[in-house]
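Structural overview
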Amino acid sequence: MKVLVAGGAGYIGSQVAWDLIRAGHDVVVVDNLSTGLRSFVHPDARFYQADITQANQLAEVFAREAQAGHPCDLVMHFAAKLDVAESVDLPLDYYRNNVEGVRCLLQSMLKAGVKNIVFSSTAAVYGDPVQNEPLNESAATAPINPYGASKLAAEQLIQWTAAAHGFNYAILRYFNAAGADKSLKIGLNKPRYTHLIPLAVRASLGLEKPVSVFGDDWPTPDGSCIRDYIHVADLSSAHLLAAAYLLEEKQSLLLNLGTQEGSSVKEVIAAVDALRPCPYELAPRRQGDPAILIADATKARTLLGWQARRSLTDIVNSDMDYRIHDAAQGSSPR
């Protein structure tokens, strides 16, 4: 199949693009490089530096690809802004990119005759659920920040467009992507880190301050919060399976992706500490933090035959290997 990967120079998008090429598919990467890295684009992918909020740029990409052979069979969208704290300060920017960008992309797809999309979404659409049990797709959506709200609005726009124009979509909601590709050429690389695993790994390498453990008296086995961490390669495999499902079954999907078990903050620190000493400090609980936030991925397993296969140890080891390898190449992470 021929796939246009929007945001294919970013963390998850580049992983999916690399895995599509490994599976023998034809890949077109579109990225404005506002956060993505040109070096993350697979050498066998055709790359266009373009912005999904610019209809003329997208029209040119679709037209050139149609002239080069046949039109794209499917679009995968990873071109979102996704820093929760930043979204609170810059809600207009987030809605422009995450909602207007999707609207513009969908409109361009319609004009080009492309009616299949895999959309990378987020568990942030659920907000802060009160139950301490795995969330399934029927859980209430109540985002508490502009990032989550913009992603939910984009989901809804895709669903309305599908109903009006015969689109097929796969909306994939997931929690904390982590780890790095087996090649160690791509991984999470950004100016500011907010997620626990890269913070802990970088702290062990002396690149960050000690990790904060926000409370150790939660109703969990070790007293620290539990979250769902998924290896980026496991996420990638779900996107490939979802794409195949859309093209073969011609039915839409909305799925959670997760481990259904999760790992605690202390377990993450211990996994990093097994490789290198990981400094941490206890801090007060943060308001709004649920004790447990993990996904029920039963539906993904049933419909796609997918499940997360890599362990927390695998995730931490790959992230550590990536950062050490990157430093050895003289291109230390941003």
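Scroll up for the structure.
A brief report on the enclosed structure follows. Fair warning: this is a prediction, and the values are worked out from it, not measured in the lab.

Let's talk about the sheet that holds strand E9 (residues 226-227)
Sheet strands line up and pair through hydrogen bonds in the backbone, either parallel or antiparallel. Ordered in space as E12-E9-E14, the three strands form an open sheet in which the pairing is mixed. Strands with a single pairing partner mark the edges of an open sheet, and in this sheet they are strand E12 (263-264) and strand E14 (292-293). Relative to E12, E9 is paired through two bridges, and the arrangement is antiparallel. By the bridge assignment, Arg 227 is partnered in E12 with Ser 263.

What to know about helix H8 (residues 265-273)
Taken as a whole, H8 has its buried residues at Val 265, Val 268, Ile 269, Ala 271 and Val 272. The buried residues of H8 occupy one face: seen down the axis, they fall within an arc of 160 degrees. On its buried side, H8 packs onto helix H6 (196-204), strand E8 (211-214), strand E10 (229-231), E12, strand E13 (280-283) and helix H10 (312-328).

Brief notes about the sheet that holds strand E3 (residues 46-49)
Strand order across the open sheet formed by seven strands is E3-E2-E1-E4-E5-E6-E11, with parallel pairing between neighbours. Both outer strands of the open sheet, E3 and strand E11 (253-257), are each paired with one neighbouring strand and no more. The average angle at which neighbouring strand axes cross in this sheet is 15 degrees, direction not considered. In the sheet, strand E4 (residues 74-77) pairs with strand E5 (residues 116-120) via three bridges, with the strands oriented parallel. Within E5, the residue paired with Val 75 across the bridge is Ile 117. Those strands touched by helix H2 (residues 55-68) are strand E1 (2-6), strand E2 (26-31), E3 and E4, and its axis lies near 155 degrees from that of E3. Against the sheet, helix H5 (residues 146-165) contacts E5, strand E6 (168-174) and E11, and its axis sits at roughly 160 degrees relative to E6.

Here we look at the environment of Tyr 193
Mapped onto the elements, Tyr 193 comes out in the loop between strand E7 (176-178) and H6. On a C-alpha basis, the gap between Tyr 193 and Asp 83 in space is 9.4 Å, while along the polypeptide they are 110 residues apart. For Tyr 193, the side chain forms a polar contact with the main-chain nitrogen of Lys 190, separated by 3.2 Å.

What about the environment of Arg 286?
One can find Arg 286 in the loop between E13 and E14. For the pair formed by Arg 286 and Leu 247, sequence separation is 39 residues and the distance between their alpha carbons is 44 Å. Of the polar contacts made by the side chain of Arg 286, one reaches the side chain of Asp 289; its length is 3.0 Å.

Things to note about the nonpolar core
The biggest cluster of nonpolar side chains holds 40 residues, and the ones touching the most others in it are Ile 12, Leu 20, Val 27, Met 76, Val 118, Tyr 174 and Leu 257. Residue assignment for this core shows that the elements contributing at least two residues are E1, helix H1 (11-22), E2, E4, E6, helix H7 (232-249), E11 and helix H9 (298-304). The biggest single contributor to this core is H7, with eight residues. Contacts of Val 118, omitting those with residues within four sequence positions, involve Leu 74, Val 75, Met 76, His 77, Ala 170, Leu 172, His 239, Ala 243 and Leu 246. Listed in part, the 28 residues of the second largest apolar core include Val 61, Leu 106, Ile 171 and Leu 254.

A short note on the packing of H6 against H10
Direction vectors running N to C along H6 and H10 enclose 55 degrees, while the axes themselves pass 10 Å from each other. Looking at the two axes, H6 sits oblique to H10. Handedness of the H6/H10 crossing: right-handed. Facing Ile 197, Pro 198, Val 201, Arg 202 and Ser 204 of H6, the residues of H10 in contact are Leu 312, Ile 315, Val 316, Asp 319, Met 320 and Arg 323. For the contact of H6 with H10, a count of residues per class yields seven nonpolar, one polar and three charged.

The rules we used
Residues numbered from 1 in each chain as written. Predicted model: local features only at pLDDT ≥ 70, side-chain atom pairs only at ≥ 80, totals over all residues. Heavy atoms only, no water. Pairing = 2+ DSSP bridges. Helix = DSSP H or I, 4+ residues; strand = E, 2+ residues; numbered from the N terminus. Buried < 20%, exposed > 50% of the residue type's maximum accessible area, 1.4 Å probe, protein only. Arc of directions from axis to C-beta. Contact = heavy atoms within 4.5 Å. Axes fitted to C-alpha atoms, helices over the stretch in contact; angles between N-to-C directions. Polar contact = N/O pair within 3.5 Å; in protein donor to acceptor, adjacent residues only side chain to side chain. Core = buried A, V, L, I, M, F, W, Y, C linked by side-chain atoms within 4.5 Å. Parallel < 35°, antiparallel > 145°, perpendicular 65-115°, else oblique. Left-handed = near helix turned anticlockwise from the far one by under 90°. Nonpolar A, V, L, I, M, F, W, Y, C, P; charged D, E, K, R; others polar.

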